[in-house]
Amino acid sequence: MSKVVGLIGYPLGHSISAHFQQAAFDYLGLDIRYEAWEAGPDQVQAVVAGLRLPARLGANVTIPYKETVVPFLDELDELAQQIGAVNTIVNRGGRLVGYNTDVSAFLRALGKDGNFDPVGKQATILGAGGAARAASFGLVRAGVRALTIVNRTLERAETLAARLKPLLSDVVAISWENAGLKEALSASDLVVNCTSVGMKHSATEGESPLDVALIPKQALVYDVVYNPVETPLLRKAKQAGTRTLGGLAMLVYQGAAAFELWTEREAPLDIMFKAASETLRQ
Ligand code: NAP
């Protein structure tokens, strides 16, 4: 029987997951189709319930439903439970199990592609949405010493910091206007952009969340935004002489981890990277 997986989110117009997942299924000769399941808020529960059908292997979940789907599942793995967000659902014989592969993907890219070990380091995270949640829990689990979370909506950063506090005492939440921002950045070994600022097709396309003057030279600047591949922030960081890492590796690694959960086969990473890069170049 042909199997199906899909992406649940809204809107899905700019997602590239279908391209690199389908390329991987096809490369391994697996009879699996990757579909886009764009769902309004009143449709999400039914779409998730439909994953129990025998032909459905599971799904990816993206903006804005990573938290929404949690109560619709039968089980969560430990990490998804801890961070309260799911980006991958697996249908295990009619039982739906939720995972979060963003965290391991964030860390894998940081280590493998960014050559950065978080142990004992100070980090600043820009943003407090879903990506920031994955990045901050990942960094805390990986042993950072101190974390500053910067967000436009301060309350959202404070909520995230409060969830991290039991795991790390040195975590602070500030707004962009806070005078402490400059100091936090200049003391950081790692700066991660988890805002959508600079993302293609968004209202802030072409903009950078930080000016060159604020970018610390000694740090690694990691932008999880993957479209465009070279974001305005990465361009400015290069101008500042700072080491950089883009979001493409994280995107492919989170997809590869989901692929392995659905198929129990090793993901063909080279094929996925190639397909993702080609799609982004179009
Ligand atoms: P989200 O939950 O909607 O959060 C968006 C974040 O961006 C919030 O912190 C928001 O601040 C901030 N923001 C948006 N517009 C802003 C502006 N004009 N000025 C300042 N801050 C602004 O989205 P998300 O899921 O975290 O995704 C964020 C970005 O990461 C997206 O570009 C997404 O594509 C990317 N991402 C990449 C990967 C990957 O695998 N590479 C994985 C996940 C996400 P407020 O709270 O104040 O609104």
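Throughout this document, residue positions are counted from 1 along each chain, in the order its sequence is written. Per-residue local features are limited, in this predicted model, to residues with pLDDT of at least 70; the limit for side-chain atom pairs, both in listing and counting, is 80 or more; totals at the level of whole chains, interfaces and linings are taken over all residues. Note that the side-chain values use all heavy atoms of the structure and ignore hydrogens as well as water.

Another point: the side chain of Gln21. Secondary structure elements follow DSSP: runs of H or I of four or more residues count as helices, runs of E of two or more count as strands, with numbering from the N terminus. Take Gln21: it is sitting in helix H1 (residues 17-27). Assessed through its relative accessible area of 0%, Gln21 is described here as buried. One polar contact links the side chain of Gln21 to the main-chain carbonyl oxygen of Gly255, over a distance of 3.0 Å. When sequence neighbours within four positions are dropped, the list of residues in contact with Gln21 reads Tyr34, Asn60, Gly255, Phe259, Trp262 and Met272. Only protein chains enter the accessibility calculation, which uses a 1.4 Å probe. A residue is then buried if its area is under 20% of the maximum for its type, exposed if over 50%, and partly exposed in between. Pairs of N or O atoms within 3.5 Å make up the polar contacts considered here, provided that, within protein, one atom can donate a hydrogen while the other can accept it, and that residues adjacent in sequence are counted only when both atoms are side-chain atoms. Only heavy atoms matter for contacts: two residues are in contact if any of them lie within 4.5 Å across the pair.

The next subject is the nonpolar core. Nine residue types can take part in a nonpolar core, namely buried Ala, Val, Leu, Ile, Met, Phe, Trp, Tyr and Cys, and a core is a set of them joined through side-chain atoms within 4.5 Å. Counting 64 residues, the largest nonpolar core has Phe106, Leu139, Leu147, Ile149, Leu190, Val192 and Tyr222 as its most contacted members. Considering every element that reaches this core, the biggest residue donor is helix H9 (residues 248-263), with 10 residues. Tyr222 has contacts with Ala105, Phe106, Ala109, Leu110, Leu190, Val191, Val192, Asn193, Leu245, Gly246 and Met250, leaving out every residue within four places of it along the chain. Residues Trp37, Ala59, Ala80 and Ile89 belong to the second largest nonpolar core, which totals 16 residues.

Our focus in this paragraph is unusual backbone geometry. Among all residues except glycine, the phi angle is most often negative; among peptide bonds, the trans geometry is most common. Residues Tyr10 and Pro11 are joined by a peptide bond in cis, for which omega reads -10°. Its location among the elements puts Pro11 in the loop between strand E1 (3-9) and H1. Here the bond from Asn227 into Pro228 is cis, since omega is 10°, no more than 30 degrees from zero. Within the secondary structure, Pro228 sits in the loop between strand E11 (220-223) and helix H8 (232-239).

On to the pairing of E11, then. Side chains Leu220 and Tyr222 project from E11 onto one buried face, and the interleaved Val221 and Asp223 project onto a second face that is buried too. DSSP-based pairing: two strands are paired if at least 2 bridges between them are found. Of the strand pairs in this sheet, strand E10 (residues 190-193) and E11 are connected by 4 bridges, and their pairing is parallel. Residue Leu190 lies in a different strand from E11, and its bridge partner there is Leu220. Read from E11 through H8 to strand E12 (residues 243-245), the crossover connection turns out right-handed. A crossover gets the label right-handed when its path from the first strand over the helix to the second runs clockwise, viewed with the strands pointing away from the viewer.

Distances are taken per atom, and a residue is near a molecule or strand as soon as one of its heavy atoms is within 4 Å of it. In the vicinity of the ligand lie 22 residues, with Ala131, Asn151, Thr153, Arg156 and Val224 positioned nearest. A distance of 2.9 Å is found between a nitrogen atom of the ligand and a backbone nitrogen or oxygen belonging to Gly247. The contact in question runs from an oxygen atom of the ligand to an N or O atom on the backbone of Leu251, over 3.2 Å. Areas reported here follow the Shrake-Rupley algorithm with a probe of radius 1.4 Å; residue values treat only the protein chains shown as occluding. If the ligand stood free it would expose 920 Å²; the protein chains cover 82% of that surface. At the level of secondary structure, the elements contributing two or more residues to the shell around the ligand comprise helix H5 (130-141) and H9. Each residue is assigned to one class: nonpolar for Ala, Val, Leu, Ile, Met, Phe, Trp, Tyr, Cys and Pro, charged for Asp, Glu, Lys and Arg, and polar for all the others, Gly among them. For the shell around the ligand, the class distribution of residues is 11 nonpolar, 9 polar and 2 charged.

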